[in-house]
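Next come the chains, spelled out residue by residue.
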Amino acid sequence: MKTFISAAALLLAAATASAQSPKYIFYYIGDGMGMGPVTAAETYNRTVLGNATPLPMMQMPVVGWSMTYSASSIITDSAAAGTALSTGNKTRTYMLGMLPDSTEVFSIAGELQKMGYGIGVTTSVAPDDATPAAFYAHVPDRNMFYEIGTHMAHSGYDFFAGAGIRGYRKNDKDTDLAEIFRSEGMQVVYGPDGIGTIDSERVLLVNPKGSKEWNIGYTIDSIPGVLNLPLIASTCLGHLEKNSPEKFFMMVEGGNIDHALHANDGGAAIKEILNFNSALEVAFDFYRQHPDETLIVVTADHDTGGMAIVKQKTPGGGLANIDYQKVSKEEFSDYCKSILRSRMVYKWSDMHDYLADKLGFFTHIKLSDEQEAKLKALFDKTFEMRNSADQKTLYASFNEFAVEVFRLFNDAAGLAFTTTSHSGNPVPVFAVGVGAERFKGFNNNIDIPKAILETVRGK
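Below is a short write-up of the structure. Treat the numbers as computed from the prediction; the structure is a model and nothing was measured.

1. Re the overall build of the protein
Scanning the protein from N- to C-terminus turns up 16 helices and 18 strands. Relative to its length of 459 residues, the protein is compact, with a C-alpha radius of gyration of 22 Å against a globular reference of 23 Å. Across its three principal directions, the C-alpha atoms of the protein cover 65 × 55 × 45 Å. Expressed as a percentage of its 459 residues, the buried residues of the protein come to 57%. Residue pairs in contact within the protein that sit at least 24 positions apart in sequence constitute 76% of those at least 6 positions apart. Of the roughly 17500 Å² of accessible surface on the protein, 52% is carried by carbon and sulfur atoms. Distance from the positive charge centre (40 side chains) to the negative charge centre (52 side chains) of the protein: 2 Å.

In structure tokens:
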């Protein structure tokens, strides 16, 4: 972990820059990253990794918090929250870039583009997903992927990145979206190997062909050959520095945080927040070189999972048990489903060895005889009797055995969840640089983009 500028120096730099207008704006959004997950990640960083230096976002001199409710619910979805964070307007669930009456509203990215700023919109999930799409699209339903893709193409923004595009097919038929991208001068490049081929002013960077379209992959799964958020952030920054060196705006979303929290996968969520902070270091490094011209704002669209650190129910290890986790709950569930689909003979001894290798069960996380007996009975029900109900969440479904395995793992790590959905809990806000003082204290999510634009306009 790098050592950052002291809090006092950051405050001095922010005060010195406050009278200026930022040329370079970084807007980092941790999807689902409420105060509970942030606290858990920082506690892991301090107690397990042994870092006396806090996570980059927690070193920022300006700290606040934000309410996230939408126009239609005290508990928002990412479309309404993304619209609030991008346009400064509340809207209804599922709506993007529109008021509840379907009037189109425009994001700060679009407004800054009119002022000559280069624009980059990036994420660790799909670039046509709710939060990134809120910065360029105007649709009544976040699932209108073809229409969202056309809005992406016509936006004129310099750089997009994420897992994949869902609008190439609609109603089981191919669309003309790829041709629209070409006609708008957008070069589509695939995976880390494609970055070196970028030679266009407008770029869409996605995962290698054949990868998931909705998620670049969890950090904890260590998937070879795919994109990761720090690489996406650094590639976007390099492109904007080349295309628009005088001024630019860059949005970076840690979308996988939300996916892990929906799954109630505490270990994967913590690793995603650490990865998000590694991506944030890209902006912080730039800030060091341009402290009087840069603004960085970090927040979340909403809290997911209602996650908290609690007293562990299984003796020993606590958060240190996360280091024995080598597989996400989603990947583990897919592994279980592949066994069931294949109808192969798979014994409890095989699963025992897998759980020891991938999650540290039995070797480091000691289950009681009663816990192990219950887990084996559930294994028999799932894999032999094939009588297991699924737990459905927003992005995945998990068989009963996978749910119990990860409940036991969370118990051992000392992590608890109140829901597999979003919560109405407030989210943190961190800021540094030109105008950072505007984000201190209590915020409503619609206040944040307004404050960014006011800073740019010198109001």
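2. Quick word on the packing of helix α2 (residues 35-47) against helix α11 (residues 266-289)
When two helices pack together, their arrangement is given by the angle between the helix axes and by the axis-to-axis distance. Close contact between α2 and α11 brings their axes to 9 Å; oriented N to C, the two are set at 80°. With respect to each other, α2 and α11 are oriented roughly perpendicular. Contacts between α2 and α11 involve Pro37, Val38, Ala40, Ala41 and Tyr44 from the first element and Ile270, Lys271, Ile273 and Leu274 from the second. The class makeup of the residues in the contact of α2 with α11 is eight nonpolar, no polar and one charged.

3. Considerations on the nonpolar core
Soluble, globular proteins show a tendency: their nonpolar side chains are buried together. Tyr28, Phe332, Met351, Leu355, Phe361 and Phe401 are the most contacted members of the largest nonpolar core, which has 88 residues in total. Top element by residues in this core is α11. It accounts for 13 residues.

4. With respect to the sheet that holds strand β9 (residues 248-254)
Spatially, β7-β8-β4-β3-β9-β1-β10-β17-β2-β18 is the arrangement adopted by the ten strands of the open sheet, whose pairing is mixed. Two strands lie at the open edges of the sheet, namely β7 (186-190) and β18 (441-444), each paired on one side alone. Strand-to-strand twist of the sheet, defined as the mean angle between neighbouring strand axes without regard to direction, takes the value 15°. The sheet contacts of helix α10 (residues 255-262) involve β1 (24-30), β3 (118-123) and β9, and relative to β9 the element is tilted by about 20°. Together, β1, β9, β10 (294-299) and β17 (427-433) form the strand contacts of α11, whose direction differs from that of β1 by roughly 165°.

Scoring rules and cut-offs
Residues numbered from 1 in each chain as written. Predicted model: local features only at pLDDT ≥ 70, side-chain atom pairs only at ≥ 80, totals over all residues. Heavy atoms only, no water. Helix = DSSP H or I, 4+ residues; strand = E, 2+ residues; numbered from the N terminus. Rg over C-alpha atoms; globule rule 2.2 N^0.38 Å. Buried < 20%, exposed > 50% of the residue type's maximum accessible area, 1.4 Å probe, protein only. Contact = heavy atoms within 4.5 Å. Areas by Shrake-Rupley, 256 points an atom, 1.4 Å probe, with all protein chains shown as cover. Lys, Arg positive; Asp, Glu negative; His and termini not counted. Charge placed at Lys NZ, Arg CZ, Asp CG, Glu CD. Axes fitted to C-alpha atoms, helices over the stretch in contact; angles between N-to-C directions. Parallel < 35°, antiparallel > 145°, perpendicular 65-115°, else oblique. Nonpolar A, V, L, I, M, F, W, Y, C, P; charged D, E, K, R; others polar. Core = buried A, V, L, I, M, F, W, Y, C linked by side-chain atoms within 4.5 Å. Pairing = 2+ DSSP bridges.

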